[in-house]
Amino acid sequence: MKKSTILRITIVLPLVLFSFLTTYAQKKPIIGVAGIAHESNSFSSQLTTLDKFDFQVGESQKELATKFFSFANSQTISSGYIEGAKRFGLELYPTVVTRARPMGPLTDNAFNTIMDEIIKQLKAGPKLDGILLNLHGAMVVESYPSGDEEIVRRVRKAFGPKMPIIVTHDFHANVTPELVKLSNVLITFKENPHLDTFDRGMQAAKIMAEMVKEGVKPTQAIVKAPMVYNIVYQSTFSNPLLPITTESKELEKNEKILAVSVSGGYQYADVPWMGPSVIVVTDNDPELAQKEAQKLSDKLWNTRHETVLDSPQPEEAVKMAMEHEGRPVVLIDMGDNIGGGSTGDSSFLLEELLKQGAEGWVVVIADPEAYKVAEKAGIGNDFDFEVGGKTDELHGKPVRIKGQVRSLNVGKYLETEVRHGGGRYWNMGHTAVIQVEGSTLDEPNLVLLTTLASSPNSAHQLISNGVYVERQKIIVVKGNIAPRAAYEPFASKLIQVDSPGATAVNPSWFTFKRARKGMFGMGDY
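Only a predicted model underlies this, so the values are computations on that prediction, with no experimental measurement involved.

Caption draft 1: Focus on empty space enclosed by the protein. With the rule as written, the count across this model stands at two cavities of 30 Å³ or more. Estimated volume of the largest cavity: approximately 100 Å³. As for the largest cavity, its lining consists of 15 residues, of which V364, S454, P456, Q461 and K478 are closest to the centre. Its residues assigned to classes, the lining of the largest cavity shows ten nonpolar, four polar and one charged. As a volume, the second largest cavity reaches approximately 30 Å³. Together, F171, K190, T236, L241, T245, S248 and V262 line the second largest cavity. Taken together, the residues of the lining of the second largest cavity sort by class into three nonpolar, three polar and one charged.

Caption draft 2: Layout of the nonpolar core. With 118 residues, the main nonpolar core has I36, L92, L132, L133, I151, L462 and Y487 as its most contacted residues. The residues touching L92, leaving out its near neighbours within four places in the chain, are I31, V33, F68, F69, Y81, I82, A85 and L132. If you look at the next biggest cluster of nonpolar residues, it comprises 29 residues, including L331, L353, A370 and F383.

Caption draft 3: Just the pattern of salt bridges, in detail. Within this structure, the stated rule accounts for 19 salt bridges. Residue R200 pairs with D196 through a salt bridge whose shortest N-O separation is 2.6 Å. Taking the shortest distance from any N to any O, the salt bridge between K295 and E292 comes out at 3.7 Å. Of this pair, K295 and E292 both sit in helix α9 (residues 286-302), three residues apart, roughly one helical turn. Linked by salt bridges that have partners in common, E149, E150, R153 and R154 make up one network.

Caption draft 4: How the structure looks around the sheet that holds strand β10 (residues 361-366). Strand order in the open sheet formed by eight strands is β11-β12-β15-β16-β10-β17-β9-β18, with mixed pairing between adjacent strands. Looking at strand neighbours, the two that pair on one side only are β11 (382-387) and β18 (493-497), the edges of this open sheet. When the angles between neighbouring strand axes are averaged without regard to direction, this sheet yields 30°. Here strand β15 (residues 431-436) pairs with strand β16 (residues 446-450) via five bridges, running antiparallel. Paired with Q435 across the bridge in β16 is L446. Of the strands in this sheet, β9 (329-333), β17 (474-477) and β18 touch helix α10 (residues 314-323), which is tilted by about 170° from β18.

Caption draft 5: Fine view of the environment of P483. Tracing the backbone through its elements, the reader meets P483 in the loop between β17 and α14 (484-487). Between the C-alpha atoms of P483 and S458, which are 25 residues apart in sequence, the distance is 7.0 Å. Those residues in contact with P483 that sit more than four places away from it in its chain are P456 and V477.

Caption draft 6: Region of interest: the packing of aromatic side chains. All told, the structure shown has nine aromatic pairs when counted by the stated rule. Judged by centre distance (6.5 Å) and plane angle (75°), the rings of F383 and F385 are edge-to-face. Taking the relative accessible area as the measure of exposure, F383 reaches 2% and is therefore buried. The partly exposed category is assigned to F385, whose relative accessible area is 23%. Over the ring of F159 we find K123, and its NZ or CZ is 4.7 Å from the ring centre.

Caption draft 7: Fine view of helix α2 (residues 61-69). Of the positions making up α2, those classed as buried are L64, A65 and F68. Buried positions in α2, seen along its axis, are confined to an arc of 100° and lie on one side of it. Exposed side of α2, more than 90 degrees from the buried face: K62 and T66 are the residues found there. At its buried positions, α2 is contacted by β1 (30-37), α3 (77-88), β2 (91-99) and α4 (108-124).

Caption draft 8: Quick peek at the pairing of β17. The two faces of β17 match: I474 and V476 on one face and I475 and V477 on the other face are all buried. Taken together, the four bridges between β9 and β17 define a ladder with parallel strand orientation. Among the inter-strand pairings, V330 is bridged to a residue of β17, identified as I475. Here β10 pairs with β17 via two bridges, running parallel. Bridge pairing in β17 links V362 to I475.

Caption draft 9: Seen up close, the pairing of β10. Counting buried positions along β10 gives six out of six residues, so the element sits mostly inside the fold. Burial along β10 is two-sided: W361, V363 and I365 and V362, V364 and A366, pointing in opposite directions, are all buried. Relative to β16, β10 runs parallel, the two being bridged by five bridges. What sits directly across from V362, in β16, is L446.

Caption draft 10: Fine view of the packing of α3 against helix α7 (residues 197-214). Here α3 crosses α7 at 40°, and the two axes come no closer than 7 Å. Between α3 and α7, the interaxial angle falls into the category oblique. Like other packed secondary-structure pairs, α3 and α7 cross with a definite hand, here right-handed. Taking contact as the criterion, the partners of I77, S79, G80, Y81, E83, G84, A85, R87 and F88 in α3 are, on α7, T197, F198, R200, G201, M202, A204, A205, K206, A209 and K213.

Caption draft 11: Focus on the sheet that holds strand β3 (residues 130-134). Spatial strand order, β2-β1-β3-β4-β5: five strands in an open sheet with parallel pairing. The sheet terminates laterally at β2 and β5 (185-188), the two strands that pair on one side only. Sheet twist, expressed as the average angle between the axes of neighbouring strands with direction ignored, equals 15°. Pairing of β1 with β3, which is carried by four bridges, proceeds in the parallel orientation. By the bridge assignment for β3, V33 is matched with L132. Set on the sheet, helix α5 (residues 147-159) makes contact with β1, β3 and β4 (165-169); between it and β3 the angle comes to about 165°. α7 contacts β1, β3, β4 and β5 of the sheet and is inclined by roughly 165° relative to β5.

Parameters at a glance
- Residues numbered from 1 in each chain as written.
- Predicted model: local features only at pLDDT ≥ 70, side-chain atom pairs only at ≥ 80, totals over all residues.
- Heavy atoms only, no water.
- 1 Å grid on protein atoms, 1.4 Å probe; cavity = no way out; pocket = protein on both sides within 12 Å on 5 of 7 lines; lining within 4 Å.
- Points joined across faces, edges and corners; volume = space filled by probe spheres on them.
- Nonpolar A, V, L, I, M, F, W, Y, C, P; charged D, E, K, R; others polar.
- Core = buried A, V, L, I, M, F, W, Y, C linked by side-chain atoms within 4.5 Å.
- Buried < 20%, exposed > 50% of the residue type's maximum accessible area, 1.4 Å probe, protein only.
- Contact = heavy atoms within 4.5 Å.
- Salt bridge = Lys/Arg side-chain N within 4 Å of Asp/Glu carboxyl O.
- Helix = DSSP H or I, 4+ residues; strand = E, 2+ residues; numbered from the N terminus.
- Pairing = 2+ DSSP bridges.
- Axes fitted to C-alpha atoms, helices over the stretch in contact; angles between N-to-C directions.
- Phe/Tyr/Trp six-rings, centres within 6.5 Å; stacked < 30°, edge-to-face > 60°.
- Lys NZ or Arg CZ within 6 Å of the ring centre and 35° of its normal.
- Arc of directions from axis to C-beta.
- Parallel < 35°, antiparallel > 145°, perpendicular 65-115°, else oblique.
- Left-handed = near helix turned anticlockwise from the far one by under 90°.

Structure (structure tokens):
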């Protein structure tokens, strides 16, 4: 071989090799994204059907990706995935990521239809290096007590034991031990109200990158204390949960620990693994995972006597609000917690406000029928109709109100601050504001009639409809912990009301059949 040829090879070969290695090094791992998020209330009279989801059979991957990446501007799990992928060098391949507002259990048809589409879309894409599953953790399906577990089971079966699968859950997850076995990593929100959703998405993406690029080998352990952690005490920003939440964050400073999750559980799902969970994920150290999970779970158990219920019922709560000097007083209608799967049309507090002659109050009622009456009457005209209490017998009876239609609105609004769940864009459907008979400009009594039940995670639900929230004497919000992030900054007083309904906080209101027996906080069950 000529010297000139050898010289060319000597020069060119390293360049070709360098080019190949550079191209290979720049190739990002491809991570599939999918999910069905639903909080299912076993005691709701309304099953969750396919049409309740923001999902269409046959959507192309391009359409699904466009929908998914539209969340980049929010503070949700999805936006955390997106930012995490950019930061840690992953390429996301979004498929079906859908949710429906909390209601009753999913029908088998809804669940199987969406799951078939998820598996189909994941299989049709490029070769995946890992999968992120955005699940709620408290989904109940007609044939599956844990819909979330069934999702992970089907994805694992479709992609085999070596596929890295990371699951993110809501704080209210009823985590099953089998789901922990089926997944590589499970992460739940740490905070309630859920202000850390973006961070948890980022954390999931970071661990995924460490798995597929650096060879990290997660091992995880779950411990479930034999108790119900009542939703009244599930705020992670106050005792008794605050020190436990703080410790879960401190533990993650240990370089051997990848994630620590303390979920409060969801007491309205009548399922075998209902209740709180502690999940610790380590880098290939199962003994450490088990030890720290047990220690945190023991601390949960040791707070059980601090979770005894002591909340006023509607009559007393309204009286307390009227007697309080400051404003506004926020009455939290826990029995009609929309974010927990209730109907949004409970009438108990409205009835008491009228009965006791309260002044300067505002109540939101989901009542499409009453809205149509207001719309037909028109702005400035009289309104006389029964509102609320129309879905079932759990949420009171319709209450007749008289007044004037003050405004009609589209019902869409924007929340720019980080509130519960991280949502930015909200929709409560077409909305009518009724100024009830006896109101004055100083003390308006207002009923907002919406066509959709929408969780009161933002004060802009009222502000966008012309309500001066800081001037109102009494504001009724249909939730539990979620509204706190929106209303605590300016409320003079918050009163959690032990009201009846599908999300009543006292378990003795309900008949359980599948939950584990003998748990603390479940009365005689």
